[in-house]
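# Coordinates in review
The chain contents come next:
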Amino acid sequence: MNPELSDTALWSRLLNGEEDALDQIYKVHFQSLYQYGMRMLHQEDEVKDCLQNLFVKLWENRKNLSPTKQIRYYLLAALRNTIVNYRTKELKYEKVEANDDHLFDLSFTLESAYIRKEEVHEKAAQLAEAMNQLTPRQKEIIYLKYFEELDYSQIAEIMDLTTKGTYKLSARALDALREIMKVDKTLLVLLLLELNKLNKWYT
């Protein structure tokens, strides 16, 4: 399997029943899906079960899937639904509605990372601590926007919001962070982008 295949071509191969395409999709997107899943469910075995169920269903239902140009976005949305259903069924939670404040963990571990600029480390650590003070929904939108780098329309669909509602939730989350950290919006966004780079480098 050519690692340079576009999402469109790779997805097309999956829809055509090429099992190696499923393997490639799994290898490319596992880490991103796993991190997102752990922030929602917090138990490694359960997250891996949900991921397994997701990819089994992906293969079984491949003939009914629609084409997509963005596999990661599709998989994140599908995993979120899988976890919501798992929490409802297996953990016997009450049905989790899309607007419920389900627990979402946005903590980051920076202690093991080697960061050359001490001031960046300090600011990133402050940001990580500040994000833990947000509501679960605010944490999730920050994660999807700045760490999964999805656009607002994609986030709206994943979180079952209107696009306008997504903008408002994101603005409230940024305002809350600015208030906690006492920094302007421009610096805050730069810190989020920097923390994203560090998180990708050391995971």
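Located above this text is the structure these notes cover.
Residues numbered from 1 in each chain as written. Predicted model: local features only at pLDDT ≥ 70, side-chain atom pairs only at ≥ 80, totals over all residues. Heavy atoms only, no water.

## With respect to the nonpolar core
Core analysis: the largest hydrophobic core is formed by 53 residues, its most contacted members being Tyr 36, Leu 127, Met 131, Ile 142, Ile 158 and Leu 192. Of the residues forming this core, the biggest block, nine residues, is contributed by helix H4 (residues 71-89). Ignoring anything within four residues of it in the chain, the contact list for Leu 192 reads Leu 127, Met 131, Ile 142, Tyr 146, Phe 147 and Leu 174. (Core = buried A, V, L, I, M, F, W, Y, C linked by side-chain atoms within 4.5 Å. Buried < 20%, exposed > 50% of the residue type's maximum accessible area, 1.4 Å probe, protein only. Helix = DSSP H or I, 4+ residues; strand = E, 2+ residues; numbered from the N terminus. Contact = heavy atoms within 4.5 Å.)

## Concerning the pattern of salt bridges
All told, the structure shown has six salt bridges when counted by the stated rule. We note a salt bridge from Lys 182 to Glu 179, for which the minimum N-O separation is 2.8 Å. For the pair Lys 182 and Glu 179, a shared accessibility class is recorded, and that class is exposed. (Salt bridge = Lys/Arg side-chain N within 4 Å of Asp/Glu carboxyl O.)

## Concerning the side chain of Thr 82
Along the chain, Thr 82 turns up in helix H4. When its relative accessible area of 15% is taken as the criterion, Thr 82 is described as buried. Filtering out sequence-adjacent residues up to four positions away, Thr 82 remains in contact with Cys 50 and Leu 54.

## As for a nonpolar patch on the surface
On the surface, Leu 187, Leu 190 and Leu 193 cluster together into a nonpolar patch covering about 250 Å² of accessible area. Position of Leu 187 among the secondary structure elements: in helix H9 (residues 185-201). (Patch = residues over 30% accessible without salt bridge, like charges linked within 9 Å, V, L, I, M, F, W, Y side chains within 5 Å. Areas by Shrake-Rupley, 256 points an atom, 1.4 Å probe, with all protein chains shown as cover.)

## Quick word on helix H2 (residues 19-41)
Between its terminal C-alpha atoms H2 stretches only 28 Å, short of the 33 Å expected from 23 residues at 1.5 Å a residue. At His 29, H2 is bent by approximately 55°, the largest bend along its length. Once H2 finishes, His 42 follows within two positions and takes phi at roughly 70°, a positive value. (Expected span 1.5 Å × (residues − 1). Bend = angle between axes of the 7 residues up to and from the residue.)

## Remarks on the packing of aromatic side chains
For the structure on display, the rule yields seven aromatic pairs. On the numbers, 5.1 Å between centres and 75° between planes, the contact of Tyr 26 with Phe 55 is edge-to-face. Here Tyr 26 is found in helix H2, whereas its partner Phe 55 is found in helix H3 (residues 44-60), with 29 residues between them in sequence. On the accessibility criterion, Tyr 26 (37% relative accessible area) is partly exposed. Take Phe 55: its relative accessible area is 7%, and that puts it in the buried class. Summarising the aromatic geometry, the rings of Tyr 143 and Phe 147 are spaced 5.9 Å apart at their centres and angled 15° between planes, so their arrangement reads as stacked. Separated by four residues within a single helix, Tyr 143 and Phe 147 lie in helix H6 (residues 136-147), roughly one turn from each other. Residue Tyr 143 is classed as buried on the basis of its relative accessible area of 1%. A network of ring pairs unites the aromatic residues Tyr 26, Phe 30, Tyr 34 and Phe 55 as a single cluster. Between the NZ or CZ atom of Lys 145 and the centre of the ring of Tyr 152, over which it lies, the distance is 4.3 Å. (Phe/Tyr/Trp six-rings, centres within 6.5 Å; stacked < 30°, edge-to-face > 60°. Lys NZ or Arg CZ within 6 Å of the ring centre and 35° of its normal.)

## Focus on the packing of H2 against H4
What describes two packed helices is the angle between their axes and the distance between those same axes. For the pair H2 and H4, interaxial distance at closest approach is 10 Å and the crossing angle is 40°. In terms of orientation, H2 lies oblique with respect to H4. Here H2 and H4 pass one another in a crossing that is right-handed. On the side of H2, the interface is formed by Ile 25, His 29, Ser 32, Leu 33, Tyr 36, Gly 37, Met 40 and Leu 41, while H4 contributes Ile 71, Arg 72, Leu 75, Leu 76, Leu 79, Arg 80, Ile 83, Tyr 86 and Arg 87. Grouping the amino acids of the contact of H2 with H4 by side-chain chemistry returns 11 nonpolar, three polar and three charged. (Axes fitted to C-alpha atoms, helices over the stretch in contact; angles between N-to-C directions. Parallel < 35°, antiparallel > 145°, perpendicular 65-115°, else oblique. Left-handed = near helix turned anticlockwise from the far one by under 90°. Nonpolar A, V, L, I, M, F, W, Y, C, P; charged D, E, K, R; others polar.)

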